[in-house]
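Each chain, written out:
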Amino acid sequence: MNISRREFIRQAGTGCAVVLLATGGGIAAPVSVLAGSIPRPTKDDRCPVCGMFAYKYPHWMAGYVFKDGTKVFFCSPKCFFHNLFNMDKYQPGKTRDDLELIWVTDYYTAKPVNAEDPDMRYVAGSTLVGPMGWDVVPVKGVDAAETLKRDYFGEEILRLDDVTPDHIERARKGGGRKTKY
Ligand SMILES: [Zn+2]
């Protein structure tokens, strides 16, 4: 009885180790690639839209990498989108075609993610408040987006290309949901 129980535990332990190893390997590869390609702001990098230091907002910051190597860092998704819709104002002479990579921070993991990742969703009209107030919140995965929309009374779950200047203007003017329950 004792031996068989020990044997069971040993086997269960081995199985568990194998599963963990396999899972760890599967996750480690893309994360390391991602970490290498998404730059981190220095203490001197100010958000071009509002002038705040991006590094102070690790849960909200976002950025661009241009094909010429230029990097821009934002304090929040709101400034990121506002700049994207007004590139001639903030980066005169450049267009979206000059962008190599655009990234945002996933709300739940606080990890930088390619903003164009097909799994990324953007929740508009929630009660969440970022460095600049109301915002359009980046979340990775449909389930996570549904959770955030439910928990923070979001109005819409959007894909990147569905976020419009109107969504951003509403957030900039404080037009998120004002009622908290
Ligand atoms: Zn900003």
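Our subject in this report is the structure included herewith. Each chain carries its own residue numbering, running from 1 in the direction its sequence is written. Thresholds applied to this predicted model are a pLDDT of at least 70 for local features of residues and 80 or more for the giving and counting of side-chain atom pairs; totals over whole chains, interfaces and linings are not thresholded and use all residues. Working from all heavy atoms in the structure, the side-chain values ignore hydrogens and water.

Glancing now at the sheet that holds strand β4 (residues 112–114). DSSP-based pairing: two strands are paired if at least 2 bridges between them are found. Secondary structure elements are defined from DSSP: runs of H or I of at least 4 residues count as helices, runs of E of at least 2 residues count as strands, and each element is numbered from the N terminus. Reading across from one edge, β2-β1-β3-β4 is the order of the four strands in this open sheet, with antiparallel pairing throughout. In this open sheet, the two strands that pair with only one neighbour each are β2 (71–74) and β4. Direction aside, neighbouring strands of the sheet carry axes that sit 20 degrees apart on average. Relative to β2, strand β1 (residues 62–66) is paired through four bridges, and the arrangement is antiparallel. Residue pairing across strands places Y64 opposite V72, the latter belonging to β2. For helices, the fitted line uses only the C-alpha atoms of the stretch in contact; every axis is such a line through C-alpha atoms, and the angle between N-to-C directions lies from 0 to 180 degrees.

For this analysis, a salt bridge means a side-chain nitrogen from Lys or Arg found within 4 Å of a carboxyl oxygen belonging to Asp or Glu. Under the definition given, this model contains five salt bridges. Between D117 and K140 there is a salt bridge, with its nearest N and O atoms 3.1 Å apart. In this pair, D117 is assigned in the loop between β4 and β5 (120–124) and K140 in strand β8 (residues 137–140), connecting sequence segments 23 residues apart. Take D117: its relative accessible area is 19%, and that puts it in the buried class. Classification of residues uses two cut-offs on accessible area relative to the type maximum, computed with a 1.4 Å probe and protein chains only: under 20% is buried, over 50% is exposed, and between them is partly exposed. We classify K140 as partly exposed; its relative accessible area is 36%.

Each pair of packed helices can be summarised by the angle the axes make with each other and by the distance between the axes. Orientation of helix α2 (residues 77–85) relative to helix α5 (residues 165–172), taken along the N-to-C sense of each, is 135 degrees, at an axis distance of 10 Å. Between α2 and α5, the angle falls in the class oblique. When you trace α2 past α5, the crossing you get is left-handed. Contact residues: α2 offers K78, F81, H82 and F85, while α5 offers P165, I168, E169, A171 and R172. Counted by class, the contact of α2 with α5 contains five nonpolar, one polar and three charged residues. Roughly parallel refers to an angle under 35 degrees, roughly antiparallel to one over 145, roughly perpendicular to one between 65 and 115, and oblique to any angle outside these ranges. Should the near helix be turned anticlockwise from the far one by less than a right angle, the crossing is left-handed, and should it be turned clockwise, the crossing is right-handed. Residue contacts are counted whenever heavy atoms from the two residues lie within 4.5 Å of one another. We call Asp, Glu, Lys and Arg charged. Ala, Val, Leu, Ile, Met, Phe, Trp, Tyr, Cys and Pro are nonpolar, and the rest, Gly among them, are polar.

Take the coordination of the zinc ion next. Note that water is not among the atoms considered, so a metal site may appear incomplete; the donors listed are N, O and S atoms within 2.8 Å of the metal, with 3.2 Å applied to Na, K and Ca. Taken together, the protein donors to the zinc ion comprise C47 (SG), C50 (SG), C75 (SG) and C79 (SG), at separations of 2.3 to 2.4 Å. The geometry test gives tetrahedral to four donors whose angles all lie between 85 and 135 degrees, gives square planar to four donors and octahedral to six donors whose opposite members are over 155 degrees apart with all other angles between 65 and 115, and gives irregular to the rest. Metal-centred angles of 102 to 122 degrees between the four donor atoms at the zinc ion mark the site as tetrahedral. When the donors of the zinc ion are listed by position in the chain, the intervening gaps give C-x2-C-x24-C-x3-C. You can see C50 sitting in the loop between α1 (2–37) and β1 and its partner C75 sitting in the loop between β2 and α2, a full 25 residues away along the chain.

Before going further, it helps to examine the packing of aromatic side chains. Aromatic rings from Phe, Tyr and Trp, with only the six-membered ring used for Trp, were paired whenever their centres fell within 6.5 Å, and each pair was classed as stacked if the ring planes differed by under 30 degrees, edge-to-face if by over 60, and tilted otherwise. The tally for this structure, following the rule as stated, stands at 12 aromatic pairs. Grouping aromatic residues by their ring pairs yields a cluster made of Y64, F66, F74, F80, F81, F85 and Y122. Cation placement over rings: the criterion is NZ of Lys or CZ of Arg within 6 Å of the ring centroid and within 35° of the ring normal. Over the aromatic face of F66 sits the side chain of K94, whose NZ or CZ is 5.0 Å from the ring centroid.

Turning our attention to the environment of V104. Within the secondary structure layout, V104 lies in strand β3 (residues 99–105). Note on V104: relative accessible area 0%, which makes it buried. Taking C-alpha positions, V104 is 5.5 Å from A115, a pair spaced 11 residues apart along the chain.

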